Structure formats: structure tokens, C-alpha cells
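Examination of the molecular architecture
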Amino acid sequence: MSILSRRKLITTGIVATAGASGLVVAAKLAKRYGLIPPDSGGIYGPGETLTYAAQRLLTRHSLAREFSRNKISAKPFANEVAPLGDEFKRFQQGAFADWRLVVDGLAARPASFSLAELKSFPRRSHITMIQCEEGWSYIAEWTGVPLSHVLERVGALPQVRYVVYRSFQPDWWESIDMADALHPQTLLTYEMNGGELPVGFGGPLRMRISRQLGYKSLKYVTRLTLTDNIKQFGKGLGSAEPEGGYAWYAGA
Ligand SMILES: Nc1nc2c(c(=O)[nH]1)N[C@H]1C(S)=C(S)[C@@H](COP(=O)(O)O)O[C@H]1N2
Ligand SMILES: [Mo]
């Protein structure tokens, strides 16, 4: 089935499921503005598209709630990660001086940045909640360079539709659309609660996506790839999560 006819099926699927005229409009807009999530053919089918399209149309510019300093969790819980291995330990022993963030794909000036360089770029902080799909959450202050700044530096080309980001842990990779990539709260973080970002929480470098579930906030980020074709990554579902049955768009 061609992508176009499948998209048609998906958008008509929304209409059939929903029935209401407002949603007919939403489906048409979803199609016109390409608001079809990469995992739309997956087990969630039309439901995923509806959630993503509706959220995008309603909340494209909204900010995740920011909390006051006295709401910061006293004992944030670091989700356990798979063992990081000797190569990571060597980075750690060298205080991550050799850690690089590679930025490639559709950029006029592909580049790689050290942590020192990233720290020399404009910084922003926010105190927000991170929520795991398994039910727990905590509030912390996150500090880093806005992803939008990095995209500007490398000269992201106008046809970029997704930013794919990868972790030192090869099983963990994610992507976001441009609404989230350019969002002012989307940060490549290197500090948490005013101190260095601990390894357990994703240090030395963690992507922080404030409006989606915790799994979009990838730890140990090593590479960003700017693309107009998300289907060429992994199984073509936009990230590792949908391969295990979780949504690519994880609006919290
Ligand atoms: N590289 C990597 N990133 C990751 C994970 C992981 O295991 N490895 N876990 C994800 C999940 S499922 C969640 S909920 C959050 C947990 O963040 P926390 O440890 O700060 O609570 O990190 C996400 N990022
Ligand atoms: Mo999670």
C-alpha cells in the first residue's frame, strides 16, 4: 500500500471512529499539515494519529507547567539503566572531557561539540516534572542549551522534519518533530538542581523534553541527526519505544 493511500486510510479511520464534525476538520488539518505520527500504522492506529494531531493543533506553542523552587523533589528517583560498561567508565574517569555530541544529517554545517562548547552556548533552566509511564514522577530543575540554539548553529535546513537523537546506550534512541525540537523548554541538559547532572540521571548530557513522558528524555546523548525521512531509522516507527508497543508521541 502506498504511503498516501495508507495515510488516507488513517485519516478516514479517525473520522469513522470519531464521527463528530470538529474531528472531521481535525483529520483534514492533520493530513494537510503532516500531523501523522511515525508509528501511526502500529497497534494504536487511528488513535495515535488523533492524539498527536489534536495535541499539536491545540498545544503547539504551550509550555509545560513550571514549578517554584520549593516544589523541587527532595529525593528524585533515578530510573535504573542497563550497565554502562568500561568505555563509559573511561569517559567518566576523564570527567567527560572527551564526550562529544555529533550533529549530522540535513545541516549546512554538520558539527561535533564538546561539553565545554555546549556549556559556552546560551543556557536556560526550568523546573518541571518528569513522569515515567510506569507511574512515578519527580520535579527538578534542568539546565542546558536549548536544542533550537544547536540547530541554528549547525544551520538546520528548512526541510528538516524530525530530530533523531541517540544515546551512548545503543538500544535507546528517540525522535521529535520540529514543534518539540524548536520548543523553548527543549534542552540538552548538563545540570540538574544547580549541580552537575549525575550519571544516574543521564549525565553528562541528557535531552529534556518537557511536554512528553520520561522516555523521550534520553540519557547519555551522543548524536543528533536532522532528517526529513524518519522511516529510514530503525523499524521506521520514529523511535525504539513503539517497537515495544509504546507511543512515539508521548504527550504527558
Ligand atoms: N539512555 C537511556 N535513556 C533513558 C532511559 C534509559 O534506560 N536509558 N530510561 C527512560 C525512561 S523509561 C524514563 S521514565 C526516564 C527516567 O528518568 P529518571 O531516571 O531521571 O527518572 O529516562 C528515560 N531515558
Ligand atoms: Mo519510563
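For the structure, see preceding data.
First, a word on what this report is: a plain description of the structure on this page. (Residues numbered from 1 in each chain as written. Chains lettered and ligands numbered in written order. Predicted model: local features only at pLDDT ≥ 70, side-chain atom pairs only at ≥ 80, totals over all residues. Heavy atoms only, no water.)

Take the overall build of the protein next. Helix and strand content of the protein: seven helices and ten strands. The buried share among the 252 residues of the protein stands at 47%. Put simply, of all contacts in the protein between residues at least 6 apart along the chain, 68% involve residues at least 24 apart. Within the structure as shown, the protein displays about 12,200 Å² of accessible surface, and the carbon and sulfur contribution to it stands at 55%. (Helix = DSSP H or I, 4+ residues; strand = E, 2+ residues; numbered from the N terminus. Buried < 20%, exposed > 50% of the residue type's maximum accessible area, 1.4 Å probe, protein only. Contact = heavy atoms within 4.5 Å. Areas by Shrake-Rupley, 256 points an atom, 1.4 Å probe, with all protein chains shown as cover.)

The subject of this paragraph is the packing of aromatic side chains. Summed over the entire model, instances satisfying the criterion amount to 17 aromatic pairs. Put simply, the rings of F88, F91, F96, W99, F168 and Y220 pair up and form one aromatic cluster. (Phe/Tyr/Trp six-rings, centres within 6.5 Å; stacked < 30°, edge-to-face > 60°.)

Now for the site of ligand 1. Close to ligand 1 lie 19 residues; N79, Y138, Q169, R206 and K219 are nearest. A distance of 2.7 Å is found between an oxygen atom of ligand 1 and a backbone nitrogen or oxygen belonging to N79. Y138 has a polar side-chain atom sitting 2.4 Å from an oxygen atom of ligand 1. Protein burial of ligand 1: of its 530 Å² of free accessible surface, 97% is covered by the chains. Grouping the amino acids of the shell around ligand 1 by side-chain chemistry returns eleven nonpolar, five polar and three charged. (Near = heavy atom within 4 Å. Polar contact = N/O pair within 3.5 Å; in protein donor to acceptor, adjacent residues only side chain to side chain. Nonpolar A, V, L, I, M, F, W, Y, C, P; charged D, E, K, R; others polar.)

This brings us to the pairing of strand β7 (residues 187-192). β7 sits mainly inside the fold: six of its six residues count as buried. The sheet contact formed by strand β4 (residues 137-146) and β7 spans five bridges and is antiparallel. Paired with T143 across the two strands is E191, which belongs to β7. Summarising the sheet, β7 and strand β9 (residues 206-208) pair through three bridges and their orientation is antiparallel. In the strand pairing of β9, L187 is matched with R208. (Pairing = 2+ DSSP bridges.)

Turning our attention to the environment of F88. Position of F88 relative to the elements: it lies in helix α4 (residues 85-93). In the structure, F88 is positioned 132 residues away from Y220 in sequence and 9.6 Å away in space, judged by C-alpha atoms.

Counting 31 residues, the largest nonpolar core has L118, L147, L188 and L224 as its most contacted members. Those elements giving two or more residues to this core turn out to be β1 (100-105), α5 (115-120), α6 (147-154), β5 (162-167) and β10 (221-227). The element that contributes the greatest number of residues to this core is α6, accounting for four residues. Setting aside chain neighbours within four positions, we find L224 in contact with L101, V102, V103, D104, L147, V150, V163, V164, Y165, L188 and M207. Counting residues in hydrophobic clusters, the runner-up holds twelve residues, among them W173, F233, A240 and Y249. (Core = buried A, V, L, I, M, F, W, Y, C linked by side-chain atoms within 4.5 Å.)

Let's shift gears to the sheet that holds strand β2 (residues 111-114). Strands sit in the order β2-β1-β10-β5-β6 across an open sheet of five strands; the sheet is mixed. At either end of the open sheet lies a strand with only one pairing partner, and these are β2 and β6 (173-177). On average, each strand axis in the sheet is tilted by 20 degrees relative to the strand beside it, whichever way the strands run. For β5 and β6, the ladder comprises five bridges, and the chain directions are antiparallel. Note that in β6 the partner of Y165 across the bridge is E174. (Axes fitted to C-alpha atoms, helices over the stretch in contact; angles between N-to-C directions.)

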